[in-house]
Structure formats: structure tokens, C-alpha cells
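# A closer look at the structure
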Amino acid sequence: MVRIKQIIVFKLFLVFFFVLIFPLNVFSKTNVITCFGDSLTAGYGLEIKESYPSLLQEKLKKEGFNYNIINSGISGDTTAGGLSRVDWVLKTNPEIVILELGANDAMRGVPIEETKKNLSKIIEKIKAKNVKILFCGMKAPRNLGKTYIKSFDEMYPELSKKYSLKLLPFFLEGVALKKELNTSDGVHPNKKGYDIIVNNNVFPYLKSFLK
């Protein structure tokens, strides 16, 4: 009889423990958004606090969303480089990945099929972990020839359709080629440029994923 009472008391303790303690551990846990890309994600030429992942962190906080943003951008990275480190990136256990890669492939004239193959493998690895993807489209430099430009620009919508991804059509929309919104190299956004990218480009497409 005494042992039965002890078992009942122990079970009641467990109930109270999981009701009062376990939810606090679960619901106070911050969800992770990993920004996976090249120098446009890393914030080349700027302080870390001026990069788009840092500005996105501020934006989410202001809008009342509790997420931890991880900047997994590496300057100069290609889709091949991204593929080689995607498994490492996924160790951040993200709920969402903002995938921005391909610009350096175009700058180097990497064959479209190779870039597409790399992006496909990256996407498949991310989806295999049941992670949501915001896929950021890029555009090829206009001096690479009509055939290359057309194929590169169409690659992002094609992959988005194939893998049922939410597509941000052009990551640099409203910023590309505008001197006042880019650093002295004319390629990488400055703080003002990233403000536009976060508020006008990334956040509106990301918002439907947030909770």
C-alpha cells in the first residue's frame, strides 16, 4: 500500500514537472533562420551589424518574431562551395534557410548546367531535413551573352517550380546598379542597400514562413 502511494506521488510529480517545466523549455526556445550564401549574405565590405542577416534580425524583433538569425555567408562562395558545406550549415538546425547562391558562378562563367546541378543538390539536402527554403533569385551580368543570360535568369524560377520553393525573384531588386545603394565596387550593397533588401525584398517573402 505504501509503495502504491509512492508510485502515485511520483507520477503526480512527473505530471507537474512536465506541465510546468517542459513547456518553458520548449516554447522559450528560439527558432533558427540560417542565411546561406556568398558575399551578399556575408556583408562584404561592411561591419557585421550592417549585413542583411543582422538587419533582418532587427526587423524580426521589431515585428515581434522570436528567431535567431545565423549568418552563413562566405565571400567568394560558388554553388560548388555551397554544396561542399551545406551539411555543416544544416548543423545549425534551422527551421528556415534563406538560400542565396549563384552570383559568383555567373561572374566566373560557370556552365549553367553545373550551377543548376549544384543548386539542386543543395536544395535536396536541405529539404531532406524538412527545412523550409526561401530561394533567392539572381541575375547574370548583362555582358555574358544573350544565351547565358537567359539560361541563368530562368534557372531560379525553374528550380523553384521543380522543388516547390518560395522564390524571391531577384535578391538585389531595387538596389543593383544604383551607386548610392552600393559600396565603392558598385557590386555589393551598402547599409542603405541592405535596408531595402531586408524590408522590401526578403521580409515580405519570408513572412509567410514565420510563426
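That block above? That's the structure.
### Notes on helix 7 (residues 112–128)
- With 17 residues, helix 7 should reach 24 Å at 1.5 Å per residue; the first-to-last C-alpha distance of 24 Å fits that figure.
- Within the sequence span of helix 7, burial applies to Ile112, Thr115, Lys116, Asn118, Leu119, Ser120, Ile122, Ile123 and Ile126.
- Within two residues after helix 7, Asn130 carries a phi angle of roughly 60 degrees, on the positive side.

### Description of the packing of helix 7 against helix 8 (residues 146–163)
- For the pair helix 7 and helix 8, the least separation of the axes is 11 Å and the interaxial angle reads 20 degrees. By the criterion of interaxial angle, the relationship of helix 7 to helix 8 is roughly parallel. When you trace helix 7 past helix 8, the crossing you get is right-handed. Contacts between helix 7 and helix 8 involve Ile112, Thr115, Lys116, Leu119, Ser120, Ile123, Glu124 and Lys127 from the former and Tyr148, Ser151, Phe152, Met155, Tyr156, Glu158, Leu159 and Tyr163 from the latter.
- Split by residue class, the contact of helix 7 with helix 8 holds nine nonpolar, three polar and four charged.

### So, helix 9 (residues 191–206)
- Of all the bends in helix 9, the greatest measures close to 35 degrees and is centred on Val198.
- Listing the buried residues of helix 9 in full gives Gly193, Tyr194, Ile197, Val198, Asn201, Val202, Phe203 and Leu206.
- Measuring from the backbone nitrogen of Lys192 back to the side-chain oxygen at the start of helix 9 gives 3.1 Å, which picks out Asn190 as the cap.

### Here's the deal with the pattern of salt bridges
- In the structure shown here, the tally under the stated rule is 10 salt bridges.
- A salt bridge links Lys150 to Glu154; the shortest N-O distance between them is 2.9 Å. Of this pair, Lys150 and Glu154 both sit in helix 8, four residues apart, roughly one helical turn.
- Take Glu154: its relative accessible area is 33%, and that puts it in the partly exposed class.
- When salt bridges that share partners are traced, they join Glu95, Lys132 and Lys211 into one network.

### Some points on the environment of Val32
- With respect to the secondary-structure elements, Val32 resides in strand 1 (residues 31–37).
- It is 7.2 Å that separates the C-alpha atoms of Val32 and Ile70, two residues lying 38 residues apart in sequence.
- Setting aside anything within four residues of it in sequence, one finds Val32 in contact with Tyr67, Asn68, Ile70, Thr92, Asn93, Pro94, Glu95 and Ile96.

Procedures and definitions
- Residues numbered from 1 in each chain as written.
- Predicted model: local features only at pLDDT ≥ 70, side-chain atom pairs only at ≥ 80, totals over all residues.
- Heavy atoms only, no water.
- Helix = DSSP H or I, 4+ residues; strand = E, 2+ residues; numbered from the N terminus.
- Expected span 1.5 Å × (residues − 1).
- Buried < 20%, exposed > 50% of the residue type's maximum accessible area, 1.4 Å probe, protein only.
- Axes fitted to C-alpha atoms, helices over the stretch in contact; angles between N-to-C directions.
- Parallel < 35°, antiparallel > 145°, perpendicular 65-115°, else oblique.
- Left-handed = near helix turned anticlockwise from the far one by under 90°.
- Contact = heavy atoms within 4.5 Å.
- Nonpolar A, V, L, I, M, F, W, Y, C, P; charged D, E, K, R; others polar.
- Bend = angle between axes of the 7 residues up to and from the residue.
- Polar contact = N/O pair within 3.5 Å; in protein donor to acceptor, adjacent residues only side chain to side chain.
- Salt bridge = Lys/Arg side-chain N within 4 Å of Asp/Glu carboxyl O.

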